[in-house]
Amino acid sequence: MQQILTRIREVDAQLYARLRIIMVEISPYHAHIQKESLQSFSLPKMWYKTVEEAARNERFQGVIFSNEYFDAFPVHLVEKARGEWYEIGIGFEQEMETKKKKSYISPASNTVEVADSDEAQSVIFLEGYMPEVSSEITAIIKGLPKGLPDGMRIEVQAGVSEVMDALSSMLERGRVVSIDYGDSAEDLYHPSRKNGTLACYYQHQMNEEYLERIGEQDITAHVNFSRLMECGDRVGLVTKSFTRQDQFLLANGILEKAQAHQDTDPFTSVAMKRNRAIQQLILPSGLGGYFES
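Here we summarise the structure given alongside this text. (Residues numbered from 1 in each chain as written. Predicted model: local features only at pLDDT ≥ 70, side-chain atom pairs only at ≥ 80, totals over all residues. Heavy atoms only, no water.)

### A look at the packing of aromatic side chains
- Counting across every chain of the model gives five aromatic pairs.
- Centre to centre, the rings of Tyr-69 and Phe-70 are 5.0 Å apart; their planes meet at 65°, and the pair counts as edge-to-face.
- Tyr-69 gets classed as partly exposed once you look at its relative accessible area, which sits at 27%.
- We classify Phe-70 as buried; its relative accessible area is 1%.
- Grouping aromatic residues by their ring pairs yields a cluster made of Tyr-69, Phe-70 and Phe-73.
- The ring of Trp-47 carries the charged tip of Lys-35 above its face, separated from the ring centre by 5.4 Å. (Phe/Tyr/Trp six-rings, centres within 6.5 Å; stacked < 30°, edge-to-face > 60°. Buried < 20%, exposed > 50% of the residue type's maximum accessible area, 1.4 Å probe, protein only. Lys NZ or Arg CZ within 6 Å of the ring centre and 35° of its normal.)

So this is what it looks like as structure tokens:
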């Protein structure tokens with residue numbers, strides 16, 4: 001946000017003077033950091049914990065911008081077995097064991113140990129099929145490509161429709177810009193992604209063990225942009241563009257930011273560092289092929 005506001009102030013001082021900043025941040029810690037980082041911008045600012053709360057209090061003309069927002073939504077995990085689709089739920093087993101150490105949460109397994117004495121209770125979390133599939137998920141399953149194999153897993157972000165309703169109710173006139181990991185339904189729900197896209201990040205390392213390190217690692221899943229566009233269309237948000245990050249940046253002149261140079265030391269050269277950053281953003285093998293907007 002700092003870079004965006006700085007750039008607007010540089011290129012259009014009159015537009016900058018008319019701005020009002022509305023932030024949505026559920027974490028008090030991150031909201032505090034945001035407030036500190038935006039102190040130098042003398043503009044009206046308001047913070048809300050959820051989009052729904054903001055929608056109850058705001059109505060404006062402008063731009064709603066999000067970056068890696070939808071991929072952090074809770075998801076329903078769905079798997080195909082014996083030709084049918086099932087939602088996966090989480091159960092647990094408890095066992096009593098003799099222990100001679102204090103309680104702890106194991107960082108390397110999905111076992112939570114709780115002990116007041118030598119007797120410890122082990123809680124083991126397990127996957128299982130739910131007895132029923134919700135109507136929302138059933139509707140999405142009906143739209144899946146035919147012939148997906150048994151064992152195929154997909155994720156369905158929860159609450160997308162409600163958030164799009166809230167965004168539409170806030171925006172009298174303007175644009176919604178969402179940048180996220182994701183794809184269209186056709187490419188996202190493909191046999192080549194049989195294991196789904198659910199991923200965890202712990203200390204900057206990716207893993208797929210979402211039942212481990214509970215509460216200590218980030219869990220994410222790719223966004224179904226087809227669903228975002230369908231939900232938006234139902235509430236009057238008409239899709240103007242859907243494109244990969246590299247295509248968007250190239251169309252908007254990012255190569256003009258590259259610098260010609262004769263430097264040879266990649267560690268000290270500002271120009272080489274800048275050009276490498278541009279390459280990372282636009283090459284399909286880098287971030288350019290993963291983000292959609």
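### With respect to the pairing of strand 1 (residues 21–24)
- Alternating positions in strand 1 separate cleanly, Ile-21 and Met-23 being buried on one face and Ile-22 and Val-24 remaining unburied on the opposite face.
- Of the pairings in the sheet, the one linking strand 1 to strand 2 (residues 45–48) comprises four bridges and is parallel in character. Within strand 2, the residue paired with Ile-21 across the bridge is Lys-45.
- For the segment spanning strand 1, helix 3 (residues 28–37) and strand 2, crossover handedness is right-handed. (Helix = DSSP H or I, 4+ residues; strand = E, 2+ residues; numbered from the N terminus. Pairing = 2+ DSSP bridges. Right-handed = clockwise from strand over helix to strand, strands pointing away.)

### A word on the side chain of Glu-87
- With respect to the helices, strands and loops of the structure, Glu-87 is situated in strand 5 (residues 84–98).
- Despite its burial, Glu-87 pairs with no opposite charge, the nearest such side chain being Arg-227 at 11 Å. (Lys, Arg positive; Asp, Glu negative; His and termini not counted. Salt bridge = Lys/Arg side-chain N within 4 Å of Asp/Glu carboxyl O.)

### Focus: the layout of surface pockets
- Volume-wise, the second largest pocket comes out at about 280 Å³.
- Forming the walls of the second largest pocket are 16 residues, and the residues nearest its centre are Ala-139, Ile-140, Asn-224, Arg-227 and Glu-230.
- At the level of elements, helix 5 (135–142), helix 7 (185–188) and helix 8 (225–234) are the ones that each hand at least two residues to the lining of the second largest pocket.
- Looking at the lining of the second largest pocket element by element, the count peaks at five residues for helix 8. (1 Å grid on protein atoms, 1.4 Å probe; cavity = no way out; pocket = protein on both sides within 12 Å on 5 of 7 lines; lining within 4 Å. Points joined across faces, edges and corners; volume = space filled by probe spheres on them.)

### Observations concerning the nonpolar core
- Within the largest apolar cluster, 20 residues are counted, with the highest numbers of intra-cluster contacts made by Phe-70, Met-164, Leu-167 and Met-170.
- Those elements that place two or more of their residues in this core are helix 4 (51–57), strand 3 (60–67), helix 6 (160–170) and helix 8.
- When residues in this core are grouped by element, the largest group, six residues, is from helix 6.
- With sequence-adjacent residues up to four places away left out, Met-164 is seen in contact with Phe-70, Leu-228, Cys-231, Gly-232, Val-235 and Leu-237.
- One finds Trp-85, Ile-141, Leu-148 and Met-152 within the second-largest nonpolar core, a separate group that totals twelve residues. (Core = buried A, V, L, I, M, F, W, Y, C linked by side-chain atoms within 4.5 Å. Contact = heavy atoms within 4.5 Å.)

### A word on the packing of helix 6 against helix 8
- Here helix 6 crosses helix 8 at 45°, and the two axes come no closer than 9 Å. On the basis of their axis angle, the class for helix 6 and helix 8 is oblique. Once helix 6 is placed against helix 8, the crossing between them reads as right-handed. On helix 8, the residues that touch Val-160, Ser-161 and Met-164 of helix 6 are Arg-227, Leu-228, Cys-231, Gly-232 and Arg-234. (Axes fitted to C-alpha atoms, helices over the stretch in contact; angles between N-to-C directions. Parallel < 35°, antiparallel > 145°, perpendicular 65-115°, else oblique. Left-handed = near helix turned anticlockwise from the far one by under 90°.)

### Focus: the environment of Gln-205
- Position of Gln-205 relative to the elements: it lies in strand 12 (residues 205–207).
- We classify Gln-205 as exposed; its relative accessible area is 55%.

### Thoughts on the pattern of salt bridges
- Counted according to the given criterion, the structure contains nine salt bridges.
- With a closest N to O distance of 2.7 Å, Glu-58 and Arg-20 form a salt bridge. Of this pair, Glu-58 sits in the loop between helix 4 and strand 3 while Arg-20 sits in the loop between helix 2 (13–17) and strand 1, and the two are 38 residues apart along the sequence.
- By relative accessible area, Arg-20 is classed as partly exposed at 42%.

### Digging into the sheet that holds strand 13 (residues 218–220)
- The antiparallel open sheet is built from three strands, whose spatial order is 12-11-13. Edge strands, defined here as strands with exactly one partner in the open sheet, are strand 12 and strand 13. Pairs of neighbouring strands in the sheet enclose a mean axial angle of 30°, with direction left out of account.
- In this structure, strand 11 (residues 199–202) lies alongside strand 12, joined through three bridges in antiparallel fashion. Bridging from a neighbouring strand, Cys-200 pairs with Asn-207 of strand 12.

### Some remarks on unusual backbone geometry
- The residue Arg-82 is not glycine, and still its phi comes out positive at about 55°.
- In this structure, Arg-82 sits in the loop between strand 4 (75–81) and strand 5.
- One non-glycine residue, His-204, lies in positive phi territory at about 70°.
- Here His-204 shows up in the loop between strand 11 and strand 12.
- Overall, His-204 belongs to the exposed group, its relative accessible area being 79%.

This is a description of form; function is not addressed.
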